[in-house]
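Topology and contacts: notes
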Amino acid sequence: MADEELTFDLREMQGKDIDAVMAIDRRAGLFPWSRSSFEQELSNPIAGYFIFTATNQNDQTAVPIGFAGQWYVAGEAQLMKIAIDPDFQGRHLGHLLLDAMIKQAQVHDCASMILEVRTDNEPALNLYRNFNFNTLDVREHYYPNGADAYIMELVFPKKIGDQN
Ligand SMILES: CC(C)(COP(=O)(O)OP(=O)(O)OC[C@H]1O[C@@H](n2cnc3c(N)ncnc32)[C@H](O)[C@@H]1OP(=O)(O)O)[C@@H](O)C(=O)NCCC(=O)NCCS
């Protein structure tokens, strides 16, 4: 479907979204989480999880096409998951979703975002580099399959009027 026929929206994830989110998580192909992991995250007071939907202008049906979640810890957002359904990847929707997560982090008074990413995950690395994330560290054999991870950080630009 052409992008001009779709509108994209972000809303807080709810329990009823878990089936759709698990399907995207599996299709996106990285280490998928169990239902209980998502349930725990939705009741975690320091976590914010969001679902990204595409609405068809013709029939107004909203279809989940991505999701992301982060923790807000001591003024820092820790991005736990971000995924776009493979049918919708490569259309800068990951960019829109990450931008929305950064705005949410700022609403929660975070000054920076930190994440880990596989060193061979080119789409994700391109996404983060486009936002000027810096690589802080490399963790060897970080993932269960032995893959290495980069730890990346983005310090948010200070808003005009911020004293600190
Ligand atoms: C990472 C992910 C969320 C990006 O979403 P997306 O909608 O495809 O991203 P965008 O379209 O905004 O593209 C991001 C950048 O990666 C590039 N890119 C997209 N697909 C790519 C590919 N297969 N190989 C290399 N670069 C790619 C895009 O060109 C873009 O860079 P550009 O703006 O300089 O052109 C998505 O690929 C995904 O869900 N992957 C599986 C889950 C995952 O890896 N999550 C991150 C875990 S840390």
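Residues numbered from 1 in each chain as written. Predicted model: local features only at pLDDT ≥ 70, side-chain atom pairs only at ≥ 80, totals over all residues.

Describing the overall build of the protein
A tally of helices and strands in the protein yields 4 helices and 7 strands. The secondary structure elements of the protein, listed N-terminal to C-terminal, are β-α-α-β-β-β-α-β-α-β-β. For the protein, whose C-alpha radius of gyration is 16 Å, the value lies close to the compact-globule estimate of 15 Å for 164 residues. For the protein, the C-alpha atoms occupy an extent of roughly 45 × 45 × 30 Å along the three principal directions. Across the 164 residues that make up the protein, the buried fraction comes to 24%. Pairs at least 24 residues apart make up 56% of the contacts formed inside the protein by residues separated by at least 6 positions. (Helix = DSSP H or I, 4+ residues; strand = E, 2+ residues; numbered from the N terminus. Rg over C-alpha atoms; globule rule 2.2 N^0.38 Å. Buried ≥ 20, exposed ≤ 12 C-beta atoms within 10 Å, placed from the backbone. Contact = placed C-beta atoms within 7 Å.)

What about the site of the ligand?
The immediate surroundings of the ligand are formed by 20 residues, with Gln89, Gly94, His95, Pro123 and Asn126 found nearest. Looking at the shell around the ligand, the elements with two or more residues in it are strand S4 (76-84), helix H3 (93-107) and helix H4 (122-130). Across the shell around the ligand, the residue classes break down as 10 nonpolar, 8 polar and 2 charged. (Near = placed C-beta within 6 Å. Nonpolar A, V, L, I, M, F, W, Y, C, P; charged D, E, K, R; others polar.)

Focus: unusual backbone geometry
Its identity as a non-glycine residue notwithstanding, Ala74 has a phi of 50°, on the positive side. Mapped onto the elements, Ala74 comes out in the loop between strand S3 (62-73) and S4. Residue Ala74 is classed as exposed on the basis of its 7 C-beta neighbours within 10 Å. One non-glycine residue, Asn132, adopts positive backbone phi at about 70°. Within the secondary structure layout, Asn132 lies in the loop between H4 and strand S6 (134-139).

Some details on the sheet that holds S4
As a general point, the strands of a sheet are linked pairwise by backbone hydrogen bonds and lie either parallel or antiparallel. Read from one edge to the other, the open sheet built from 7 strands follows the order S1-S2-S3-S4-S5-S7-S6, with strand pairing classed as mixed. On the outer flanks of this sheet lie strand S1 (6-12) and S6, each paired with one strand and no other. Averaged over neighbouring strand pairs, the angle between their axes works out to 25° when direction is ignored. Direction of pairing for strand S5 (residues 112-118) relative to strand S7 (residues 149-155): antiparallel, over a ladder of 7 bridges. When the sheet's bridge partners are listed, Ile114 is paired in S7 with Glu153. Helix H1 (residues 18-28) contacts strand S2 (47-56), S3 and S4 of the sheet and is inclined by roughly 85° relative to S3. (Pairing = 2+ DSSP bridges. Axes fitted to C-alpha atoms, helices over the stretch in contact; angles between N-to-C directions.)

Let's talk about the pairing of S5
Burial along S5 is one-sided: Met113, Leu115 and Val117 are buried, while Ser112, Ile114, Glu116 and Arg118, pointing the other way, are not. Where S4 meets S5, 3 bridges bridge the pair, whose relative direction is parallel. When the bridges of S5 are listed, Gln78 appears paired with Ile114. Since S4 and S5 lie parallel, the crossover through H3 that links them has a hand, and here it is right-handed. (Right-handed = clockwise from strand over helix to strand, strands pointing away.)

Quick word on the environment of Trp71
Structurally, Trp71 can be placed in strand S3. The class for Trp71 is partly exposed, based on 19 C-beta atoms found within 10 Å. Taking the C-alpha atoms as reference points, Trp71 and Met22, separated by 49 residues in sequence, lie 19 Å from one another. The residues touching Trp71, leaving out its near neighbours within four places in the chain, are Ile46, Ala47, Gln78 and Met80.

Some words on the pairing of S7
Two elements, S6 and S7, share 5 bridges in a ladder whose sense is antiparallel. Bridging from a neighbouring strand, Thr135 pairs with Met152 of S7.

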